[in-house]
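Structure assessment
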Amino acid sequence: MKRPLRSIYGQYVATVDDFRLIASLGLITGQWGNQMPLGDTNNIVMFDDFDGAALLGTWSVLKGTDAAAANFATNAGVSGTILGTTGATTTTMAGSGVQITGGLNFKAQGAAGTGGTNNLEFNSRVKVDVITNQVMFVGLTNAATLQMPIQGSGVGNAFTGNANDAVGFLFDTTMTTAAWWCVGNKAGAGPQGFLATAPGGSNNAPVAATFAQFAISVDQLGNANFFYNGVQVGVTMLGALTPTVALTPIVAVFNRTAAASRNPQIDYIMTSMNRI
């Protein structure tokens, strides 16, 4: 055990007798818009770079009934990735869908309730080979069953909520504006969302065969902020989800038409919160 010897910021940040740094409440790495807390006795951090020979037991992978669908699995490549394959002849999550989830181990609200910060964070890097005729969701959900948490309703830019509580990025080619949307659903009240618009006013849409980085930060009240490729997009979403509901990270994809399979690829998934 070490006591602070020379203060940098009161008792919270200091050096100790062997010149190491002590940060009593934990450390965060990375720039604004693309950060990761480091796990310690104050924080729980689930980070997987998918660099092993097989998926860890942390994960649950599910796929639809279409014969062409294949579960996410480790994929040969430098720095580690996993690859999934959607079905090719059906147009629903139950038929052509693939998804990966973890355990329901995260909440937006910690032990201190609304009076204390919890700092629920999600971060992932994802790409897909073809961007036509499909639905993709990257974020957090309260359901670990095979399910697209939120999707387009098929009418204009309206949404359909399947998960009772979820927050994330949605791309659905059935929507009038086929771009990334920031979406949330609180207690099944009906999804809300807005375009993941960059500060300059342009919409963000997937680029085929190109990784994009997604980050979501949710406070103890369930309000969410969204970051795309390190840049904050849209506005703060108030009441994005129920802050006391247990959540899991999720990436889910399915085909919108009976077309060739899509191949979503994930570089890493990180989820963290203050330890409860």
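What you see is a predicted model, and the numbers here were worked out from it, not measured in a lab. (Residues numbered from 1 in each chain as written. Predicted model: local features only at pLDDT ≥ 70, side-chain atom pairs only at ≥ 80, totals over all residues. Heavy atoms only, no water.)

The biggest cluster of nonpolar side chains holds 40 residues, and the ones touching the most others in it are Ile100, Val167, Phe169, Trp180, Phe226, Ile266 and Ile269. Once residues within four sequence positions are removed from consideration, Val167 is found in contact with Phe137, Gly139, Leu140, Val183, Gly184, Ile216, Val218, Ala224, Phe226, Ala240 and Leu241. Core analysis: the second largest hydrophobic core is formed by 15 residues, Val135, Ile150, Phe159 and Val183 among them. (Core = buried A, V, L, I, M, F, W, Y, C linked by side-chain atoms within 4.5 Å. Buried < 20%, exposed > 50% of the residue type's maximum accessible area, 1.4 Å probe, protein only. Contact = heavy atoms within 4.5 Å.)

With phi around 70 degrees, Phe19 is a residue other than glycine that occupies positive phi space. Topologically, Phe19 is positioned in the loop between strand 2 (13-15) and strand 3 (21-23). Accessibility expressed as a relative area gives 75% for Phe19, which makes it exposed. Positive phi is not limited to glycine here, since Ala209 has a value of about 60 degrees. Mapped onto the elements, Ala209 comes out in the loop between strand 17 (192-195) and strand 18 (212-218). (Helix = DSSP H or I, 4+ residues; strand = E, 2+ residues; numbered from the N terminus.)

Hydrogen bonds between backbone atoms are what pair the strands of a sheet, whose relative direction is either parallel or antiparallel. A sheet is described by the order of its strands in space; here seven strands give the open sequence 7-10-21-12-15-16-17, paired in antiparallel fashion. Two strands bound the open sheet, and with one partner strand each, they are strand 7 (60-63) and strand 17. Averaged over neighbouring strand pairs, the angle between their axes works out to 15 degrees when direction is ignored. Two elements, strand 10 (residues 98-101) and strand 21 (residues 248-255), share four bridges in a ladder whose sense is antiparallel. Bridged to Ile100 within strand 21 is Val251. (Pairing = 2+ DSSP bridges. Axes fitted to C-alpha atoms, helices over the stretch in contact; angles between N-to-C directions.)

In this section: the environment of Gly84. Examined against the element boundaries, Gly84 turns out to sit in strand 9 (residues 81-85). When its relative accessible area of 0% is taken as the criterion, Gly84 is described as buried. Through-space distance from the C-alpha of Gly84 to that of Gln265 is 6.5 Å; in sequence the pair is 181 residues apart. When near neighbours in sequence (up to four residues on either side) are disregarded, Gly84 contacts Ala70, Asn71, Phe72, Arg262, Asn263 and Pro264.

As a further point, take the pattern of salt bridges. Tallying each qualifying case throughout the model produces five salt bridges. A salt bridge links Asp18 to Lys2; the nearest nitrogen and oxygen atoms lie 3.9 Å apart. In this pair, Asp18 sits in the loop between strand 2 and strand 3 while Lys2 sits in the segment before strand 1 (6-9), placing the two residues 16 residues apart along the sequence. The class for Lys2 is partly exposed, based on a relative accessible area of 38%. With its nearest N and O atoms 3.0 Å apart, the salt bridge here joins Asp18 to Arg20. (Salt bridge = Lys/Arg side-chain N within 4 Å of Asp/Glu carboxyl O.)

With that settled, consider the packing of aromatic side chains. Here the distance between the centres and the angle between the planes together describe a pair of aromatic rings. Counted by the stated rule, this structure contains 13 aromatic pairs. For the ring pair Trp32 and Phe227, a centre distance of 5.3 Å and an interplane angle of 90 degrees mean the geometry is edge-to-face. Taken together, the residues span a long stretch of sequence, with Trp32 in the loop between strand 4 (28-29) and strand 5 (36-37) and Phe227 in strand 19 (residues 224-228) at a distance of 195 residues. The buried category is assigned to Phe227, whose relative accessible area is 7%. Taken together, a centroid distance of 5.9 Å and an interplanar angle of 90 degrees make the contact between Phe194 and Phe226 edge-to-face. Residue Phe194 is found in strand 17, and its partner Phe226 is found in strand 19; the two are separated by 32 residues along the sequence. Note on accessibility: Phe194 and Phe226 belong to one class, buried. Linked through ring pairs, Phe169, Phe171, Trp180, Phe194, Phe214, Phe226 and Tyr228 together constitute an aromatic cluster. (Phe/Tyr/Trp six-rings, centres within 6.5 Å; stacked < 30°, edge-to-face > 60°.)

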